[in-house]
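Summary of structural features
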Amino acid sequence: MVSQNVVVPDATTGIITVSTVSNSSVFTPSAQKPPTAPGHISISKKKLLKSLEISGDQSQRLNSWVDSMRASSPTHLKSLPSLSSQEELNSWIKRHPSALDMFERITEASRGKEIVMFLDYDGTLSPIVADPDRAFISSKMRRTVKKLAKCFPTSIVTGRCIDKVYSFVKLAELYYAGSHGMDIKGPTKGFSRYNKDKPSVLYQPAGDFLPMIDEAFKQLVDKTKSTPGAKVENNKFCLSVHFRCVDEKKWSELALKVRSVVKNYPTLKLSQGRKVFEIRPMVKWDKGKALEFLLESLGFDNSSDVFPIYIGDDRTDEDAFKLLQERGQGLGLLVTKFPKDTNASYSLQDPLEVMDFLRRLVEWKQVQQ
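1. Details of the pairing of strand S10 (residues 268-273)
With six of its six residues buried, S10 lies for the most part within the structure. Residues Leu268, Leu270 and Gln272 point to one face of S10 and Lys269, Ser271 and Gly273 to the other, with burial holding for every one of them. Between the antiparallel neighbours S10 and strand S11 (residues 276-281) lie two residues, among them Lys275 with a positive phi of about 55°.

Okay, structure coming up:
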């Protein structure tokens, strides 16, 4: 990859950033500039959004939206008939066994290869909480991730903005990919042997969208301020509308408000996660592309000696799981207590199990040295 870097020290986080211009095939033309005309929203897996784009009875479409909001809520998953069957549960666990139970198999598969770690934040390193501004990482988890980063190149890939996640994690030795991978910065220390020519990296494929996102943020704040419990979060290159504290009776009202704003921005796309609406630029970039970019930056683009492990809990992490499947390298680990459609190979139930897995990985690595 041919690139030119400009080093810029970040006084707030202590992270060095380097503006990277690349001719890599990873960066498609559409990833560099926002579309000039409305395009097709590539979200076929989200039937809800598709139904909102076609003509028909608005009430029926709204009901579909609210049903999807219920289905994505962990508190409702228990009541879904298709998930209550013990037979189905056993079948799902058989297809996606616990990464703790299969730890030896995972480490055996990685022998002779360099493990590179990718971690989601909310629901993976920290529990899902009512107030997203209080999704603090525990001191034990922080120490575990710090030890992990001493053994393997480690990245946090999150929908949050980098500054917010860094204020939670406070580890300068990590790579950070915020805004669902649309804002990437590297560490100030650690693993220089992997990227001697690039002490840090920065890539922002949606930079031209910033004024539009700020404008949409103000409109969403204004529209949703009358809905108790709704919270709009500006993640710099994307927006999140949290409804985890909104009364379920108000969900349909909130859905209409969000939709009424987003429809005015045809180059922004709307998707849904765990009790959150996500508004992102319509560029060919996601957590999978961020993973690919980070592997390339570490010198593992076309290497067969790398073993990426990605751990995440939400729909947006599926892009990374799918990429690992397509590459035929590494593994995806889904954090969930309930069966879900996923491209991940293994599962972990909650952040406590994530921490146990990371601890065991560190101990295993230390024995190998």
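The rest of the description comes next.
2. Things to note about the nonpolar core
Val258 and Ile279 are the most contacted members of the largest nonpolar core, which totals 50 residues. Sequence-distant contacts of Val258, that is, excluding residues within four places in its chain, are made with Leu220, Val241, Leu270, Phe277 and Ile279. Membership of the second largest hydrophobic core comes to 43 residues, among which are Phe103, Tyr121, Leu125 and Val335.

3. Looking at the confidence of the model for the chain
Mean pLDDT over the chain: 81, with 74% of residues reaching 70 or higher. The low-confidence segment residues 1-57, where pLDDT is below 50, has 110 contacts with residues more than four positions distant or belonging to other chains. Here residues 75-83 scores under 50 on pLDDT; set against residues more than four positions off or in separate chains, the count is twelve contacts.

4. A closer look at the pairing of strand S3 (residues 114-119)
By the criterion of burial, S3 is predominantly enclosed, with six of the six residues buried. Taking every second residue as pointing to the same face, both faces of S3 are buried, with Glu114, Val116 and Phe118 on one and Ile115, Met117 and Leu119 on the other. Two strands pair when backbone bridges link them, and S3 and strand S12 (residues 306-312) are joined in this way by six bridges, in the parallel orientation. Within S12, the position partnered with Leu119 by the bridge is Ile311. Sheet topology places S3 next to strand S4 (residues 154-157); three bridges connect them, and they run parallel. From the neighbouring strand, Met117 faces S4, where its bridge partner is Thr154.

5. Some points on the packing of aromatic side chains
Applying the stated criterion across every chain yields a total of eleven aromatic pairs. Taking the centre distance of 5.7 Å and the plane angle of 75° together, the rings of Phe103 and Phe357 count as edge-to-face. Residue Phe103 is found in helix H7 (residues 103-109), and its partner Phe357 is found in helix H14 (residues 351-368); the two are separated by 254 residues along the sequence. Using a relative accessible area of 5% as the deciding quantity, one classes Phe103 as buried. Under the relative-accessibility criterion, Phe357 is labelled buried at 0%. Ring geometry for Tyr121 and Phe168: centres 5.6 Å apart, planes at 10°, overall stacked. You can see Tyr121 sitting in the loop between S3 and helix H8 (139-151) and its partner Phe168 sitting in helix H9 (residues 162-169), a full 47 residues away along the chain. Looking at Tyr121, the relative accessible area reads 0%, which means it is buried. Residue Phe168 is classed as buried on the basis of its relative accessible area, which comes to 5%. Ring-pair connections join several aromatic residues into one group, and the members of that group are Phe118, Tyr310 and Phe321.

How each quantity is defined
- Residue positions within a chain follow its written sequence, with the count starting from 1.
- Only residues with pLDDT of at least 70 are given local features in this predicted model, and only at 80 or more are side-chain atom pairs given and counted; all residues enter the totals for whole chains, interfaces and linings.
- For the side-chain quantities, the full set of heavy atoms in the structure was used; hydrogens and water were omitted.
- Residue burial is assigned from relative accessible area. The probe radius is 1.4 Å, only protein chains are included, and a residue is buried under 20% of its type maximum, exposed over 50%, and partly exposed in between.
- Runs of E in the DSSP output that reach at least two residues are strands. Runs of H or I that reach at least four are helices, and both are numbered from the N terminus.
- When DSSP finds two or more bridges between a pair of strands, those strands are recorded as paired.
- Here, nonpolar core means buried Ala, Val, Leu, Ile, Met, Phe, Trp, Tyr and Cys residues that are tied together by side-chain atoms lying within 4.5 Å of each other.
- Contacts are assigned to residue pairs that have any heavy atoms within 4.5 Å of one another.
- How sure the predictor is of each residue is captured by pLDDT, a score from 0 to 100.
- Aromatic pairs are defined between Phe, Tyr and Trp rings, using the six-membered ring for Trp, whenever the two ring centres lie within 6.5 Å; interplanar angles under 30 degrees are classed as stacked, those over 60 as edge-to-face, and all others as tilted.

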